[in-house]
Amino acid sequence: MKIAIVTIVGYQNYGNRLQNYALQRVLESMGNEVTTIKNLTNVQNSLPQRIFDSLTTGTFLKKMTDRIKLEKKNNDEIDGIRESNFKNFTDRYIHETSFTIDETTLDFNFDRDFDCYVIGSDQVWNYDFSSFSALDFASFSEKPKISYAASFGVENIPSKYHELYRRGLKGITTISVRERSGVQLVSQLADRSATVVLDPTLLIDRKDWESLTISQPNYAYKYIALYFLDNLQPDDRAYIQDFARERHLKIKRLGDRSDVKLWESGPESFLNVIRQAEFVFTDSFHACVFSIIFEKKFEVFHRNNIGPSMDSRLDTLLDDFDLLSRWHDVNTNVDHRIDYGKVNLSLMREKKMSLKFLRSSLNKVEKMM
C-alpha cells in the first residue's frame, strides 16, 4: 500500500525526528511505500519570538535592547546550524512530500496518491501546540486512517476543542494511543475504543539504532547525559551536580545552547550521547525511551512548565516496564540499578502486541480498498 504518515514535522526536536523515522521503518518492513506529509501549520509565533518582539518595541532601554538583539543573532546562527543538521537527517532517512500543507491549504488533490493514512506518533493531538489543527486527523481525506501511538500529551481537553476532536476521532478507522489517559480521552470525546501501543522508536532493535551512530565520536571519559525540555529547578540542578562530582563524572548537556557543539548536532548525536552515558537525567519521554533501549541507568524529573501536565505518557512508559521508581524524588534515594533482563522481556511482549495491532489495522484497511 501507499501510506502517508501524518505527524508533527519539525527540525528542532530529537524525539520528533526519531519517531518519524521509526514509524516509517516499521511500515516499510511490512511491505508498504511510505511518505510523510510535510505539514507546516503554525498558527502563532513561538513564545521566545513573542517575548523578543515585546522586548524590542522601545519599552526597554536601548542598551538592553541591543544586548538582546546580539544574543538573538548569536542564537539564530547556532539554531540555523542545528536546523540544517536536523534537515540533513530527514533528507537521508525520512521520505517527505515535495509539497507542503498548512491551515490555509485548499488543494488536497494529493489524496488520490495514497491508499491510507497513519497518524502518529508524537504529541500530534496536543491542543496546546501551535501546530495543532484538524489536519492532524487527516480531516481532508475520506480514505482509511489508522492512528499509531498518537499522543494527546495532556490528560484533559478544554470544552472549546471537543467538537474538533470528536469529528477527527470519528473519522479514524482504528485508534491506538501512546498513553493510558489517551484511551479515556478517546472514549470521552468520541465514544470510541483505543489501544495503548508502544512508541514506534521501541519497535526498532537496539543494533539498528546503534548503526546510526557509526560516524559519531567515541568519548574517552565517563559522563552523565542531561536532556531537559524545561528549566531545571535550582535544587534539582544542585542534586545533579553533586551526583556527578561524587562519582567523578563529567556532564554532557543535550538540547542546551551552553554546549554549542551538541546543540548544533543532529539526532544521531543525541543517540550517541545517550548510548555512551553512565547515567541519564531527563524530563523527556524519548530520552527515557532510548535510555531503556541502550540499557542505561536513568532518572526522570517532573517538568515545571506552566500549563497542562505532560506526565501521563511517561507514567505509561515507566509503568509498562515496572520502572516507576525512576521518577526523581528529593525525599528518597533512587536505586539506579535496573534489571534489564526483566525489562527486555516486557519490551518483547509489548512489542509483539503493538506490531499485532498495526498489522491487523493494515489488513483491515486492505480489505476496505
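Above this note sits the structure.
Described below are features of the structure shown in this document.

Structural notes on the sheet that holds strand E1 (residues 2-6)
- Pairing within the open sheet is parallel, and its seven strands lie in the order E3-E2-E1-E4-E5-E6-E7. The two strands at the open ends of the sheet, each matched to only one other strand, are strand E3 (96-101) and strand E7 (195-196).
- Pairing between strand E5 (residues 145-150) and strand E6 (residues 174-177): three bridges, direction parallel. Bridged to Ile146 within E6 is Thr174.
- The strands that helix H12 (residues 340-368) touches are E1, strand E4 (116-119), E5, E6 and E7; relative to E5, the one it contacts most, it runs at about 165°.

Describing the sheet that holds strand E8 (residues 223-227)
- Read from one edge to the other, the open sheet built from four strands follows the order E9-E8-E10-E11, with strand pairing classed as parallel. Since the sheet does not close on itself, it has two edges, and those belong to strand E9 (250-254) and strand E11 (297-300), each with one partner. Averaged over all pairs of adjacent strands, the angle between strand axes in this sheet comes to 20°, irrespective of strand direction.
- Note that E8 and strand E10 (residues 279-282) share four bridges and pair parallel. From the neighbouring strand, Ile224 faces E10, where its bridge partner is Phe279.
- Set on the sheet, helix H10 (residues 285-293) makes contact with E8, E10 and E11; between it and E11 the angle comes to about 160°.

Overview of the pattern of salt bridges
- Per the stated rule, a full pass over the model turns up 19 salt bridges.
- Between Arg257 and Asp79 there is a salt bridge, and its shortest N-O distance comes to 2.8 Å. Of this pair, Arg257 sits in the loop between E9 and helix H8 (260-264) while Asp79 sits in helix H3 (residues 62-93), placing them 178 residues apart in sequence.
- Residue classification places Asp79 among the buried residues on the basis of a relative accessible area of 16%.
- Where Arg206 meets Glu210, a salt bridge forms, and the shortest distance between an N and an O atom there is 3.0 Å. Pair noted here: Arg206 and Glu210 are both in helix H6 (residues 206-211), with a separation of four residues, about one helical turn.
- The exposure class of Arg206 is partly exposed, given its relative accessible area of 33%.
- Through salt bridges with shared partners, a single network forms among Arg17, Lys38 and Glu96.

Thoughts on unusual backbone geometry
- Going from Gly120 to Ser121, the amide bond is cis rather than trans, its omega being -10°.
- Summarising the element assignment, Ser121 is placed in the loop between E4 and E5.
- At Asp191, a position not held by glycine, the phi torsion is positive, near 55°.
- Secondary-structure assignment places Asp191 in the loop between helix H5 (180-190) and E7.
- On the accessibility criterion, Asp191 (66% relative accessible area) is exposed.

Re the side chain of Ser181
- Structurally, Ser181 can be placed in helix H5.
- The contacts of Ser181, once residues within four sequence positions are left out, are Val154, Glu155 and Ser312.

About the criteria used
- Residues numbered from 1 in each chain as written.
- Predicted model: local features only at pLDDT ≥ 70, side-chain atom pairs only at ≥ 80, totals over all residues.
- Heavy atoms only, no water.
- Pairing = 2+ DSSP bridges.
- Helix = DSSP H or I, 4+ residues; strand = E, 2+ residues; numbered from the N terminus.
- Contact = heavy atoms within 4.5 Å.
- Axes fitted to C-alpha atoms, helices over the stretch in contact; angles between N-to-C directions.
- Salt bridge = Lys/Arg side-chain N within 4 Å of Asp/Glu carboxyl O.
- Buried < 20%, exposed > 50% of the residue type's maximum accessible area, 1.4 Å probe, protein only.

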